Amino acid sequence: MSRPSTAPPAMPVRAGVFSVWGEVAHPTSLTVSDLRQGWEQHRAEVVFDCATAGPQRHTFAGPLLLEVLDRTHPGFDPARRKERSRFLLVVNGGDGHHAVLSWAEIDPDFGGSPVLLATRLDGEELDTAGAQLVVPSDRCGARYISAVTGIWIGGCRLPGVAPSES
Ligand SMILES: Nc1nc2c(c(=O)[nH]1)N[C@H]1C(S)=C(S)[C@@H](COP(=O)(O)O)O[C@H]1N2
Ligand SMILES: [Mo]
């Protein structure tokens, strides 16, 4: 059973470290170096549009967000698709810019988007800057969140509506 937590784990904010917290059985804190060593690295060549700076072309490398989050054991029964489909992810950047993804977006049974937590940007290692979210299916750059400090996971429950049992 997962233990929901409402506050990020108390830990010193260090460059390149981020926490995964919320409705997960194993909240964790990871460095960019952990991301490089613990998971298969994927490459993504992307172009996204910035509202102020126009098209940006970058090459990223890093693990799949899904595989990193799987290790924290999000608080759903993995065998139940409808339960998974209620989960949200909020990714926070070093400057407070944060954006929402759904679990279903990255889950291969649903959107299956190959979202990465990049450890490298255009050949530069991100150990000091911090991991960067890479959403290759996005046309715009707003969710390419840099200097990630935290990822919150939680199941969304509509107020006043009991979730179905099937
Ligand atoms: N932490 C953080 N990440 C962010 C932003 C931000 O304001 N803060 N802006 C986003 C936006 S709007 C864009 S277009 C891209 C720009 O990326 P680039 O200038 O590094 O190519 O970063 C994204 N990541
Ligand atoms: Mo942007």
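Note that residues are indexed from 1 along each chain, following the sequence as it is written. For this description, chains carry letters from A and ligands carry numbers from 1, given in the order in which they are written. Selection of residues for local features in this predicted model requires a pLDDT of at least 70, selection of side-chain atom pairs for listing and counting requires 80 or more, and totals for whole chains, interfaces and linings are taken over all residues. Note: side-chain values were computed over all heavy atoms of the structure, leaving out hydrogens and water.

Asks: Describe the environment of G155, with residues and values.
Replies: By definition, any uninterrupted DSSP run of H or I lasting at least four residues is a helix, any uninterrupted run of E lasting at least two residues is a strand, and each is numbered from the N terminus. For G155, the position within the fold is in strand β11 (residues 148–155). Among residues more than four places away in sequence, those in contact with G155 are E23, R86 and F87. The contact criterion used is simple: two residues touch if any of their non-hydrogen atoms lie within 4.5 Å.

Asks: Account for the pattern of salt bridges, naming residues and giving values.
Replies: Here, a salt bridge means any Lys or Arg side-chain nitrogen found within 4 Å of an Asp or Glu carboxyl oxygen. Evaluation of the coordinates by the stated rule reveals twelve salt bridges. Residues R36 and D127 are paired through a salt bridge, measuring 2.6 Å at the closest nitrogen-oxygen approach. Here the residue R36 occupies a position in helix α1 (residues 32–38), and D127 occupies one in the loop between β9 (124–125) and β10 (132–134), the gap between them amounting to 91 residues. When a residue's accessible area, from a 1.4 Å probe over protein chains only, is under 20% of the maximum for its type it is buried; when over 50% it is exposed; and in between it is partly exposed. Judged by its relative accessible area of 30%, D127 is partly exposed. Between R80 and E83 there is a salt bridge, with its nearest N and O atoms 3.5 Å apart. A relative accessible area of 30% means that R80 is categorised as partly exposed. With a relative accessible area of 19%, E83 lands in the buried category.

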